[in-house]
Amino acid sequence: MSTLHTVNKSPFDGTSLSSALGLALPGDAVLLIEDGVVGARKGSSAAKAIEASLASCKVYVLGPDVAARGMKAEDLVSGVESVDYAGFVDLAANHARTQSWL
Amino acid sequence: MSDAKKFLYLNRKAPYGTIYALESLEVVLIGAAFEQQVSLAFVDDGVYQLMAGQNTKGSGFKNFSNTYKALGDYDVRNLYVEKESLDERGLSVDDLMPITHDTDDEEDLPSIMVVSRAEMAKVMSEQDVVLSF
Amino acid sequence: MGYHFNGQDIAHDEEGYLTDLSQWNADLALLIAKDENVAMTDEHWEVVNFLREYYDEYQIAPAIRVLTKALAKKMGPEKSSNKYLYELFPYGPAKQACKIAGLPKPTGCV
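Residues numbered from 1 in each chain as written. Chains lettered and ligands numbered in written order. Predicted model: local features only at pLDDT ≥ 70, side-chain atom pairs only at ≥ 80, totals over all residues. Heavy atoms only, no water.

A few points about the overall build of chain B
The helix and strand inventory of chain B stands at three helices and seven strands. Written out in order from the N terminus, the α and β elements of chain B read β-α-β-β-α-β-β-β-α-β. Its C-alpha atoms give chain B a radius of gyration of 14 Å, near enough to 14 Å, the size a compact globule of 133 residues would have. Each principal axis of the C-alpha distribution contributes one length, and for chain B these read about 45 × 30 × 30 Å. (Helix = DSSP H or I, 4+ residues; strand = E, 2+ residues; numbered from the N terminus. Rg over C-alpha atoms; globule rule 2.2 N^0.38 Å.)

Pasting the structure below:
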């Protein structure tokens, strides 16, 4: 029944992340991809919102997009899980629907 | 109709600045021919798509705002608008176009429903497919 | 590509739909109809005028399903059936009547 929310925009470039987190229901998953991954950086101004969501949702980042932006696993908000492309596919397959926050 | 899927078109961009709003509307009109259960959601700047009094004469864009009023003819009867998005932008439902639809029994029923963020989340979770624009 | 009309070339697309809607008038409609092998009667004009009014209000040419429903509401069941409309416009009422009305091809028309 749950939804996979994908966010591909930086939280510094619009409302995609805040809207996704605001409209995700408990049990949903949020996957940050492309520029969306910058929101998961520890100490960023988006980190608090991510931490709050982790209480009721899973939050993932696409590892290759994190690496491409010069970030490492230890730079991420703790509790955020990194997945590869196969993991992305698994997430999409394991949720009832995927919602893209463009 | 029993195996018709529930489609929600999620609109988050103001009209004219990008092509998203017009593209969404065209896809809705084409998709509505396939007799699915179609609803529209307006969140963030997407609420601007429904503003009354859009005047594009000076900017030269095609004004497609009146096309939303034809959605009822295409059996698209539910336009959900998030209240928080209106509030953040200093807007209220009175700033939006009146959009109505007919059913077999009644005419001119309002199509726009202002819902809270929590209600919008529930609407989204009840869909088979969400298409984002 | 264009219709030769009153010593002018009126541009149309590869399927014969007018490029500039504002160039339409009733005489040009007769010329387009002749190209389509449609002899315009009052019944044809009712549909063409209805399409123009619909476009004026909503900025779209309606899909056939919407056209029949809206016509039924305005003119009654006998003047809105698929059979009636296909007798008037054998190659498809939405397609052919829209072309004669100077409108774009209906959205969602397949």
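Further notes follow.
Focus: the interface of chain B and chain A
Between chain B and chain A, the residue contacts involve 18 residues of the former and 14 residues of the latter. Both faces combined, the contact of chain B with chain A buries some 1,300 Å², and carbon together with sulfur accounts for 53% of it. When the area that chain B buries against chain A is broken down by residue, the three leading residues are B:R12, B:S125 and B:S132, summing to 34%. Between the two partners, chain B and chain A, sit zero salt bridges. Across the chain B-chain A interface, the total number found is eight residue pairs in polar contact (both at pLDDT 80 or more). Elements that contribute at least two residues to the side of chain B that touches chain A include exactly α3 (117-125) and β7 (129-132) of chain B. (Contact = heavy atoms within 4.5 Å. Buried area = accessible area lost by both parts, 1.4 Å probe. Salt bridge = Lys/Arg side-chain N within 4 Å of Asp/Glu carboxyl O. Polar contact = N/O pair within 3.5 Å; in protein donor to acceptor, adjacent residues only side chain to side chain.)

Topic: the sheet that holds strand β4 (residues 81-83) of chain A
Residues and elements named next belong to chain A. Pairing in this open sheet of five strands is parallel, and the strands run β4-β3-β2-β1-β5 from one edge to the other. Both edges of this open sheet fall to β4 and β5 (97-101), since each of them pairs with a single strand only. If you compare each strand with its neighbour and ignore which way they point, the axes differ by 30° on average. Here four bridges tie strand β2 (residues 29-32) to strand β3 (residues 58-62), and the two strands are oriented parallel to one another. In the strand pairing of β3, V30 is matched with V59. (Pairing = 2+ DSSP bridges. Axes fitted to C-alpha atoms, helices over the stretch in contact; angles between N-to-C directions.)

A word on helix α1 (residues 26-35) of chain C
All names here are of chain C. Along α1, the residues classified as buried are L28, A29, I32 and A33. Looking straight down α1, one finds that the buried residues subtend no more than 145° of arc, so they occupy a single side. Counted as exposed and oriented over 90 degrees from the buried face of α1: D27 and K34. Elements that come into contact with the buried residues of α1 comprise β1 (2-5), β2 (8-11), α2 (42-58) and α5 (93-100). Sitting at the amino-terminal end of α1 is N25, which places a side-chain oxygen 3.0 Å from the backbone nitrogen of D27. The positive-phi residue at the C-terminal boundary of α1 is N37, with phi of around 60°. (Buried < 20%, exposed > 50% of the residue type's maximum accessible area, 1.4 Å probe, protein only. Arc of directions from axis to C-beta.)

Some thoughts on the sheet that holds strand β1 (residues 6-11) of chain B
Residues and elements named next belong to chain B. Strands sit in the order β6-β3-β2-β1-β7 across an open sheet of five strands; the sheet is parallel. Both outer strands of the open sheet, β6 (112-115) and β7, are each paired with one neighbouring strand and no more. On average, each strand axis in the sheet is tilted by 25° relative to the strand beside it, whichever way the strands run. With respect to the sheet, helix α1 (residues 20-31) is in contact with β1 and β2 (37-42), its orientation differing from that of β1 by roughly 165°.

Overview of the interface of chain B and chain C
Contacts between the two partners involve 18 residues from chain B and, on the opposite side, 15 residues from chain C. For the pair chain B and chain C, the summed buried area comes to about 1,300 Å², and 50% of that belongs to carbon and sulfur atoms. Taken together, the connections running from chain B to chain C amount to three salt bridges. B:D75 is the partner of C:K69 in a salt bridge, and the nearest nitrogen-oxygen pair spans 3.1 Å. Along the contact surface separating chain B from chain C lie nine residue pairs in polar contact (both at pLDDT 80 or more). Considered class by class, the residues forming the side of chain B that touches chain C number six nonpolar, four polar and eight charged. (Nonpolar A, V, L, I, M, F, W, Y, C, P; charged D, E, K, R; others polar.)

With respect to the pairing of strand β3 (residues 78-82) of chain B
Residue and element names in this part refer to chain B. Taking burial as the measure, the five residues of β3 include four buried ones, the bulk of the element. By the bridge criterion, four bridges tie β2 to β3 in an arrangement that is parallel. The partner of S39 across the bridge, within β3, is N78.

Quick notes on the pairing of β2(B)
Residue and element names in this part refer to chain B. Of all six residues in β2, five are buried, a share of seventy percent or more. With six bridges joining them, β1 and β2 adopt parallel strand pairing. Note that in β2 the partner of K6 across the bridge is Q37. In this fold, β1 hands off to α1, which returns the chain to β2; that crossover is right-handed. (Right-handed = clockwise from strand over helix to strand, strands pointing away.)

Some thoughts on empty space enclosed by the protein
Following the criterion strictly, the structure yields one cavity of 30 Å³ or more and no others. For the largest cavity, the calculated volume is near 30 Å³. Taken together, A:T3, A:H5, A:L23, A:L25, A:D28, A:Q99, B:A121, B:M124 and B:S125 form the lining of the largest cavity. When residues of the lining of the largest cavity are assigned to their parent elements, the largest contribution, three residues, is made by α3(B). For the lining of the largest cavity, a count of residues per class yields four nonpolar, four polar and one charged. (1 Å grid on protein atoms, 1.4 Å probe; cavity = no way out; pocket = protein on both sides within 12 Å on 5 of 7 lines; lining within 4 Å. Points joined across faces, edges and corners; volume = space filled by probe spheres on them.)

In short, shape yes, function no, at least from these values alone.
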